[in-house]
Amino acid sequence: MFKRALTKRDFLLIVVNLIPLYGVWFEGWDAKQVFLVYCLETVIVGLVNIIKMACVTIFVKPTDVWENGGSTTMQSGWFFIFFFIIHYGFFVFIQTQIFFGVTGMIPDGSMLMRYSKIPELLGPNGRLLLLIFVAYYTVENVSSFFNSGVYKTISMGRLMFEPYLRIFVQQIVVILGSMFLTFGAGKIFVLVFVVVKIFFEVYVNFGRYMEIAEKRQRMREERKKNN
């Protein structure tokens with residue numbers, strides 16, 4: 001479950017996440033703007049995962065096994081992508097709505113009005129940080145996905161759920177952190193948030209956890225068949 005050694009990718013991830021910490025503490029960046037970028041990081045991770053799922057569907061296997069309540073069927077890769085967009089999109093919607101409501105960054109209004117204000121709220125520093133995050137997650141995730149050859153063997157089911165473990169941890173911290181921001185403790189919380197995020201991203205082996213979960217699922221299915 002835990003990594004024993006850091007890789008070059010881990011060190012790059014640490015550097016990328018230290019940028020907002022440095023900006024808030026030493027360059028006067030607005031903690032709320034930085035925190036909004038971390039909320040949008042959830043969207044970035046989801047979009048990158050859609051790209052990976054589409055590539056697997058187009059170039060490797062157009063269909064894969066869909067498991068539902070113990071039964072299995074073959075479904076198109078585009079079905080997996082559609083399900084992911086709806087399901088993951090719901091997580092993103094809840095996270096951003098809670099953030100907007102608690103921080104008060106966006107006044108009450110229509111849903112469309114709220115989201116249309118995001119580019120303005122980010123400011124120049126937030127937009128720069130968002131651009132860095134987009135470049136990092138796109139290049140790092142997509143390149144490692146293809147260079148490692150994982151795309152040839154990974155199931156669509158596992159690929160679809162890969163972002164959830166990371167995002168689940170991040171959403172909890174983001175929601176709790178948005179409450180701290182209302183009390184003016186932006187600097188302190190950004191520090192705590194970055195440290196916690198780096199720990200989970202660098203030291204927790206999410207891939208290994210997914211492998212164990214898949215293995216246990218297969219064992220349960222085999223026991224059901226034998227019984």
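Residues numbered from 1 in each chain as written. Predicted model: local features only at pLDDT ≥ 70, side-chain atom pairs only at ≥ 80, totals over all residues. Heavy atoms only, no water.

**Brief notes about the packing of aromatic side chains**
Point 1. If you walk through the whole model with that rule in mind, you get 17 aromatic pairs.
Point 2. Look at Tyr 38 and Phe 133: their rings are 5.4 Å apart centre to centre, the planes differ by 65°, and that puts the pair in the edge-to-face class. Remark: Phe 133 occurs in helix α5 (residues 118-147) and Tyr 38 occurs in helix α2 (residues 31-59); sequence separation between them is 95 residues. For the pair formed by Tyr 38 and Phe 133, the shared burial category is buried.
Point 3. Note on Phe 91 and Tyr 164: the rings are 5.4 Å apart at their centroids and 75° apart in plane angle, and the pair reads as edge-to-face. Pair noted here: Phe 91 is in helix α3 (residues 77-103) and Tyr 164 is in helix α6 (residues 156-181), with a separation of 73 residues, a long-range link.
Point 4. Through pairs of rings, three or more aromatic residues link up here, namely Phe 35, Tyr 38, Phe 133, Tyr 136, Tyr 137 and Phe 193.
Point 5. The aromatic ring of Trp 25 is capped on one face by Lys 187, whose charged end is 5.7 Å from the ring centroid. (Phe/Tyr/Trp six-rings, centres within 6.5 Å; stacked < 30°, edge-to-face > 60°. Helix = DSSP H or I, 4+ residues; strand = E, 2+ residues; numbered from the N terminus. Buried < 20%, exposed > 50% of the residue type's maximum accessible area, 1.4 Å probe, protein only. Lys NZ or Arg CZ within 6 Å of the ring centre and 35° of its normal.)

**With respect to the environment of Leu 40**
Point 1. Position of Leu 40 among the secondary structure elements: in helix α2.
Point 2. C-alpha of Leu 40 to C-alpha of Gln 95: the two residues are 55 residues apart in sequence and 9.7 Å apart in space.
Point 3. Discounting residues that sit within four places of it in the chain, Leu 40 has contacts with Ile 118, Leu 122 and Leu 130. (Contact = heavy atoms within 4.5 Å.)

**A few points about the pattern of salt bridges**
Point 1. Applying the stated criterion across every chain, the model contains 5 salt bridges.
Point 2. Lys 61 serves as the salt-bridge partner of Asp 64, at 3.3 Å between the closest nitrogen and oxygen.
Point 3. Assessed through its relative accessible area of 10%, Asp 64 is described here as buried.
Point 4. A relative accessible area of 19% places Lys 61 in the buried class.
Point 5. We note a salt bridge from Glu 120 to Lys 117, for which the minimum N-O separation is 3.9 Å.
Point 6. The exposure class of Lys 117 is partly exposed, given its relative accessible area of 33%. (Salt bridge = Lys/Arg side-chain N within 4 Å of Asp/Glu carboxyl O.)

**Looking at α5**
Point 1. Over its 30 residues, α5 extends only 35 Å from the first C-alpha to the last, a length that falls short of the 44 Å expected when each residue adds 1.5 Å.
Point 2. In the structure, α5 departs most strongly from a straight axis at Pro 124, where the bend amounts to approximately 95°.
Point 3. Backbone geometry just downstream of α5 places Gly 149 in the positive-phi region, at approximately 80°. (Expected span 1.5 Å × (residues − 1). Bend = angle between axes of the 7 residues up to and from the residue.)

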